[in-house]
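Spelled out, the chains give:
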Amino acid sequence: MTVPYRMDAGRLTISPQRKVGWFEARQLVALGARAVAASVIGSMSGRREIMAALEAEPAFCADCSGAEEIWLDYMADTGDGWNATASVAWLLGRDGLVVAEPGAPVPQPVPADCRTEGLPTAGPGQTVLPAGEVLLLGGDQVYPAGSRQEYQHRLVDPMRSTRIAHPRGRSLFAIPGNHDWYDGLTSFIRQFCQSPDGRTWFGAWEAQQRRSYYALRLPHRWWVWGVDTALEDDLDPPQYDYFRARAQQLEPGDRVILCVPNPTWIDDAAAGTPGGRVDSATATKLDVIMDLARRPDRDIEVPLVLSGDHHHYVRHHGTVGEQERHYIVCGGGGAFTQGTIGTPVDVSMSDGPSYVGSARLQAAFPTERQSVRLRRGVLGFPASNVFFTAVLTVLSGFAAMLLGAGGGNEGILGGVLGTLQGFGPAAVCLAIVAAFSAFAVSGRAPGMPPAAAGAVGGAHALLLLAGGFLLVRAVLKAGLAWWFSVPISLAALYMYCGTLFGLYLFLSHKVLGMHKLEVYSAQGIEGYKSFLRIHISAQGLRVHPIGLRAPSTGWVAAPGVESRDDPAPRGRFRRTGSVSLDLPDGCQRVIDPVEPLRPHLIEAPFLIPNGAVPDPTPSAVRAPGGSP
């Protein structure tokens, strides 16, 4: 393993961040521009090829195959708001977690001092799961897009605060998701793939890879392959050569855990594509890597495929050819929660034309019933998306004035209305309808014609315009003074526009299956987080899916750590803005939740057997009875 990052006295400054407001107008424009730029940069920059050229033959990432057992943690889609990200990181940072039967939350003990860690004590009917010696990050490590500042504040700060040091250190490996690619992979490479001291430590976890993909050899003939499928770029030749070389190291009986950034099997089934193939470049990349790893004739299998991208936990299990396989989506590391409504019960898979099979849904978190309840929260859109609702209010009010809603007024208001009506009312209204239609097309359900989605969005825009016109006209025709009628009009428009938008998201998702992302991102749900704790031993690989229904909403300095921003060392510190903390010698943990976190097992742990150990005796010299 590695040496600890720091255990000496010093000062740590952190900057807790609010959760990302996905419907802030500035955020929408900036993210759209980054996505367009990334689509160009991702296909033209060739950063992965440049990295490979600078290191002709990369050193093998890590070899832990000599150990008798090993514990791994898997987390994806993290780096959003402080509460959710820090809550998951705090659980990962402890030396062990106490769990009980599936669905039963267990309050986690908080160590008595910032220098003190160790395995907790299990009570009756409880089990202690030791912490992972290796942390696997499954993509989208930061939101809304990769940058030096966002990685620092939304990922590094929470991880360092919840476990700043470990006597032996822990290892970390990561693959990039689409949000990591929005700056052309620049910040991801800086954070995870460079070796100078101080740039690869995430508190007690040390990033050890040199490229955006990796292979990790584990005990009992297990491997982890982390694949970078980029955006719309092809599988780069150096990455293909890298995994082809790793495939040549596989021996009969080996088992490969495949980590990919997005679950094409879910997207495919939702789109109704037969045989598990999609018409996307990503599916082709996954097929190519799978063909390298899977060798049924040599008893080399891929029994476990892990992915994030969808912000919930879902597991499918089935067979591909004659091999069993588990497909797990576990994107609950900190980003807003997505419901599991519409998750396919059955997904069809193929590892090429010769190996076709299917997998059935085994577990989901949140459940479909919980997801239905969570969806209703979007009806509170005006309260949770103030700035975006204000923009809708201005647009609706402006259009109403152009259409003559205040006709006949005199004085100051009449002069303003006369000026506004100099704009082209038809052109402005058509622009609003076009924008709403484009938004609807971007969130259309799989298989839904773009024209149909555009018509739904257009109808939404017409309701916004017509309702706004009638509201403004009714208020201004009431004969009230302009200084009173204008605020009344704006308040009525605000409630109408925000409520209508929330109702649109709710009904379009419930009735037509549209906006499966936006109906939850508009709420920024921080609950229902998830991660995996994996144990490899002589019995096989056992997966423990961990869920957390509610993150901590308050944080304090750990005992022994002094906060310079609060009158008392144990006082709560604010969730936004910089916080300076003085650390004593031997400090391993900087912050604690105000109330104990209560994780639970999402479902019963499941075991994947190890591969058979091949007989070293050549078959040509065996006796008929099998003895030499």
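Scroll up for the structure.
What this report covers is the structure whose coordinates are included nearby. Just so it is clear, the model here is predicted, and its values are computed rather than measured. (Residues numbered from 1 in each chain as written. Predicted model: local features only at pLDDT ≥ 70, side-chain atom pairs only at ≥ 80, totals over all residues. Heavy atoms only, no water.)

For the rest of this paragraph, the subject is the overall build of the protein. Across its full length, the protein holds 16 helices and 25 strands. Within the span of the protein, comprising 628 residues, buried residues form 56% of the whole. Carbon together with sulfur atoms contributes 58% to the accessible area of the protein, which is approximately 25,000 Å² in total. (Helix = DSSP H or I, 4+ residues; strand = E, 2+ residues; numbered from the N terminus. Buried < 20%, exposed > 50% of the residue type's maximum accessible area, 1.4 Å probe, protein only. Areas by Shrake-Rupley, 256 points an atom, 1.4 Å probe, with all protein chains shown as cover.)

As enumerated under the stated definition, the model contains 21 aromatic pairs in all. Arranged with centres 6.3 Å apart and planes meeting at 75 degrees, the rings of Phe23 and Phe439 form a pair that is edge-to-face. In this pair, Phe23 is assigned in the loop between strand E1 (10-14) and helix H1 (25-44) and Phe439 in helix H13 (residues 425-442), connecting sequence segments 416 residues apart. Judged by relative accessible area, which is 4%, Phe23 ranks as buried. Consider the rings of Tyr151 and Phe192, whose centres lie 6.1 Å apart with planes at 75 degrees: the pair is edge-to-face. Of the two residues, Tyr151 is situated in helix H4 (residues 148-162) and Phe192 in helix H5 (residues 186-192); the sequence distance between them amounts to 41 residues. By the burial criterion, Tyr151 is buried, and Phe192 matches it. By the ring-pair criterion, three or more aromatic residues cluster together here, those being Phe23, Phe381, Phe388, Phe439, Phe501 and Tyr504. Lying over the aromatic face of Trp90, Arg94 brings its terminal NZ or CZ to 4.6 Å of the ring centre. (Phe/Tyr/Trp six-rings, centres within 6.5 Å; stacked < 30°, edge-to-face > 60°. Lys NZ or Arg CZ within 6 Å of the ring centre and 35° of its normal.)

This part takes up a nonpolar patch on the surface. Together, Leu379, Leu503, Leu507, Val511 and Leu512 make up an exposed nonpolar region whose accessible area comes to about 420 Å². Within the secondary structure layout, Val511 lies in helix H15 (residues 482-512). For Val511, a relative accessible area of 60% gives the class exposed. (Patch = residues over 30% accessible without salt bridge, like charges linked within 9 Å, V, L, I, M, F, W, Y side chains within 5 Å. Salt bridge = Lys/Arg side-chain N within 4 Å of Asp/Glu carboxyl O.)

This paragraph deals with the layout of surface pockets. Approximately 370 Å³ is the volume attributed to the second largest pocket. For the second largest pocket, the lining is made up of 24 residues, of which Arg18, Lys19, Gly21, Glu24 and Ser384 are closest to its centre. When contributions to the lining of the second largest pocket are tallied by element, the ones reaching two or more residues are helix H3 (82-93), helix H10 (381-384) and helix H11 (386-402). With three residues, H11 is the largest single contributor of residues to the lining of the second largest pocket. Grouping the constituent residues of the lining of the second largest pocket by class yields nine nonpolar, ten polar and five charged. (1 Å grid on protein atoms, 1.4 Å probe; cavity = no way out; pocket = protein on both sides within 12 Å on 5 of 7 lines; lining within 4 Å. Points joined across faces, edges and corners; volume = space filled by probe spheres on them. Nonpolar A, V, L, I, M, F, W, Y, C, P; charged D, E, K, R; others polar.)

Mapping Thr337 onto the fold places it in the loop between strand E15 (323-330) and strand E16 (346-350). Sequence-distant contacts of Thr337, that is, excluding residues within four places in its chain, are made with His311, Pro366, Tyr520, Ile525, Glu526, Gly527, Tyr528 and Lys529. (Contact = heavy atoms within 4.5 Å.)

This part takes up the sheet that holds strand E21 (residues 562-563). Ordered by their spatial adjacency, three strands build an open sheet running E1-E22-E21, and the pairing between neighbours is antiparallel. Pairing within the sheet leaves two strands with one partner each, and these edge strands are E1 and E21. Across five bridges, the pairing between E1 and strand E22 (residues 579-583) is antiparallel. Bridged to Ile14 within E22 is Val579. (Pairing = 2+ DSSP bridges.)

Here the focus is H3. Across its twelve residues, H3 extends 15 Å between first and last C-alpha, which sits within 8% of the 16 Å expected from 1.5 Å per residue. Buried residues dominate H3, accounting for twelve of its twelve residues. For H3, the complete set of buried residues consists of Trp82, Asn83, Ala84, Thr85, Ala86, Ser87, Val88, Ala89, Trp90, Leu91, Leu92 and Gly93. (Expected span 1.5 Å × (residues − 1).)

Below, the discussion takes up H4. Its 15 residues give H4 an end-to-end C-alpha distance of 20 Å, which sits within 8% of 21 Å, the value for a rise of 1.5 Å per residue. Among the 15 residues in H4, twelve count as buried, and that is most of the element. Among the residues of H4, those classed as buried are Glu150, Tyr151, His153, Arg154, Leu155, Val156, Asp157, Pro158, Met159, Arg160, Ser161 and Thr162.

Moving on, we come to the pattern of salt bridges. Enumeration over the complete set of coordinates arrives at 15 salt bridges. A salt bridge links Asp592 to Arg589, with the shortest nitrogen-to-oxygen separation between them at 2.5 Å. The pair Asp592 / Arg589 is uniform in exposure class, with both members buried. Here the salt bridges share partners, and the residues they tie into one network are Arg94, Glu117, Arg589 and Asp592.

Turning to the packing of H3 against H4, a few remarks are in order. Running from amino to carboxyl end, H3 crosses H4 at an angle of 45 degrees, the nearest separation of the two axes being 9 Å. Classified by the angle their axes make, H3 and H4 are oblique. The interaxial crossing formed by H3 with H4 has right-handed handedness. Seen from H3, the contacting residues are Trp82, Thr85, Ala86, Ala89 and Trp90; seen from H4, they are Arg154, Asp157, Pro158, Met159, Ser161 and Thr162. Class assignment for the residues of the contact of H3 with H4 results in six nonpolar, three polar and two charged. (Axes fitted to C-alpha atoms, helices over the stretch in contact; angles between N-to-C directions. Parallel < 35°, antiparallel > 145°, perpendicular 65-115°, else oblique. Left-handed = near helix turned anticlockwise from the far one by under 90°.)

Turning next to unusual backbone geometry. Cis peptide bonds are those with omega within 30 degrees of zero, and the linkage from Tyr143 to Pro144 qualifies with 0 degrees. Its place among the elements puts Pro144 in the loop between strand E6 (134-137) and H4. Of the consecutive residues Phe365 and Pro366, the connecting peptide bond is found in the cis state with omega at 0 degrees. Along the chain, Pro366 falls in the loop between strand E17 (356-365) and helix H9 (368-375). The phi dihedral of His220 is positive, around 55 degrees, even though this residue is not glycine. Here His220 lies in the loop between strand E10 (214-218) and strand E11 (222-226). Look at His220 and you get partly exposed, because its relative accessible area is 25%.

To continue, consider the packing of H11 against helix H14 (residues 450-476). Contact geometry for H11 and H14: axes closest at 8 Å, N-to-C directions at 70 degrees. Our classification of the angle between H11 and H14 gives roughly perpendicular. Here the hand of the crossing between H11 and H14 comes out right-handed. Residues Ser396, Ala399, Ala400 and Met401 of H11 lie in contact with H14, whose contacting residues are Leu464, Leu465, Gly468, Phe469, Val472 and Leu476. Its residues assigned to classes, the contact of H11 with H14 shows eight nonpolar, two polar and no charged.

In this section: the pairing of strand E4 (residues 96-99). Taking every second residue as pointing to the same face, both faces of E4 are buried, with Gly96 and Val98 on one and Leu97 and Val99 on the other. Here four bridges tie E4 to strand E5 (residues 127-130), and the two strands are oriented antiparallel to one another. Counterpart to Val98 in the pairing with E5 is Val128.

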